[in-house]
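Chain and residue survey
Residues per chain, in single letters:
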Amino acid sequence: MEHGGQEARRPHGELVADVMAVLWAAEQPMTPRQVNRALGLGLARTTVATILIRLHEKGTLVRTRSGRGYAYAPADDAAGLAAGRMRDALDAEPDRDLVLKRFVSSLSEHDEGVLRALLRQADGSGDGR
């Protein structure tokens, strides 16, 4: 059980987001103890270690040996992870065309323009003219 004084229980998603923010800000991989210290929440060591292990198992983090344990770093930046979640969501749907149609129809004019430009670039016809 966590013993963090004022913040003994936090929403799991919020804590994961805080852990990821700490790791993205770091210049090198961090151990669970370092992450816990950077969070400054007084969480149990096992709480932070469990979050890091689960994020590694999902492919969100990579880990390297550090002494007898591991140090963790993000597998990608925030935009790359968001893109991966979008791909995963699309892959989970049987009617990909309909999902993409609904997604595109819900975009703002600005986002639609950005998407069109990116598609032109990927197609090789987006030379900026």
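In this report, the structure presented in the accompanying data block is examined.

Basis of the calculations
- Counting starts from 1 at the beginning of each chain's written sequence and moves along it residue by residue.
- Only residues with pLDDT of at least 70 are given local features in this predicted model, and only at 80 or more are side-chain atom pairs given and counted; all residues enter the totals for whole chains, interfaces and linings.
- Side-chain descriptors were evaluated using all non-hydrogen atoms of the structure, hydrogens and water having been removed beforehand.
- Comment: elements are numbered from the N terminus, with helices defined as DSSP H or I runs of at least four residues and strands as E runs of at least two.
- Expected span of a helix: the number of residues minus one, times 1.5 Å.
- Between N-to-C directions, angles cover 0 to 180 degrees, with each direction set by a line fitted to C-alpha atoms, over the stretch in contact for helices.
- Throughout, the term roughly parallel applies to angles under 35 degrees, roughly antiparallel to angles over 145, roughly perpendicular to angles from 65 to 115, and oblique to all others.
- Residues count as neighbours in contact if any of their non-hydrogen atoms are within 4.5 Å of one another.
- Each residue is assigned to one of three groups, with Ala, Val, Leu, Ile, Met, Phe, Trp, Tyr, Cys and Pro labelled nonpolar, Asp, Glu, Lys and Arg labelled charged, and all others, Gly among them, labelled polar.
- Residue types Ala, Val, Leu, Ile, Met, Phe, Trp, Tyr and Cys, when buried and joined through side-chain atoms within 4.5 Å, form a set referred to as a nonpolar core.
- Type-normalised accessible area, obtained with a 1.4 Å probe on protein chains alone, sets the label of each residue: buried when under 20%, exposed when over 50%, and partly exposed for intermediate values.
- Pairing of aromatic side chains here covers Phe, Tyr and the six-membered ring of Trp, requires ring centres within 6.5 Å, and sorts the geometry by plane angle: under 30 degrees stacked, over 60 edge-to-face, intermediate tilted.
- Two thresholds decide whether a charge sits over a ring: the Lys NZ or Arg CZ must be within 6 Å of the ring centre and within 35 degrees of the ring normal.
- Basic side-chain nitrogens of Lys or Arg form a salt bridge, by our definition, when they fall within 4 Å of a carboxyl oxygen of Asp or Glu.

Quick look at helix α6 (residues 109–123) now. Its 15 residues give α6 an end-to-end C-alpha distance of 21 Å, which sits within 8% of 21 Å, the value for a rise of 1.5 Å per residue. Backbone geometry just downstream of α6 places glycine 124 in the positive-phi region, at approximately 90°.

Glancing now at the packing of helix α1 (residues 12–25) against helix α2 (residues 32–39). The N-to-C vectors of α1 and α2 enclose an angle of 105°; their axes lie 10 Å apart at closest approach. In this view, α1 runs roughly perpendicular relative to α2, as classed from their interaxial angle. Where α1 approaches α2, its residues Leu15, Asp18, Val19, Val22 and Leu23 are matched on the opposing element by Val35, Ala38 and Leu39. Along the lines of polarity and charge, the residues of the contact of α1 with α2 split into 7 nonpolar, no polar and 1 charged.

A separate point is the nonpolar core. The biggest cluster of nonpolar side chains holds 18 residues, and the ones touching the most others in it are Val19, Leu23, Val35, Leu39, Leu52, Leu55 and Leu61. Going through the elements one at a time, α1, α2 and α3 (45–57) are the ones with two or more residues in this core. Ranked by the residues each element gives to this core, the list is headed by α1, at 6 residues.

The next point concerns the packing of aromatic side chains. Tallying each qualifying case throughout the model produces 0 aromatic pairs. Note that arginine 63 overlies the ring of tyrosine 70, its terminal NZ or CZ placed 3.9 Å from the centroid. A cation over a ring is seen here: arginine 65 above tyrosine 70, with NZ or CZ 4.5 Å from the ring centre.

One pass over the full model with this rule turns up 2 salt bridges. Note that aspartate 91 and arginine 96 form a salt bridge whose closest N and O atoms lie 2.6 Å from each other. Between arginine 116 and glutamate 112 there is a salt bridge; the shortest N-O distance is 2.7 Å. Remark: glutamate 112 and arginine 116 occur in helix α6; sequence separation between them is 4 residues, near one turn of the helix. A relative accessible area of 26% means that glutamate 112 is categorised as partly exposed.

Given 3.6 residues per helical turn, the α-helix brings residues three or four places apart onto the same face. Across its 14 residues, helix α4 (residues 78–91) extends 20 Å between first and last C-alpha, which sits within 8% of the 20 Å expected from 1.5 Å per residue. Taken as a whole, α4 has its buried residues at Gly80, Leu81, Gly84 and Leu90. Contact partners of the buried residues in α4: α1 and α5 (96–105).

No statement about biological role is implied by the geometric values presented.
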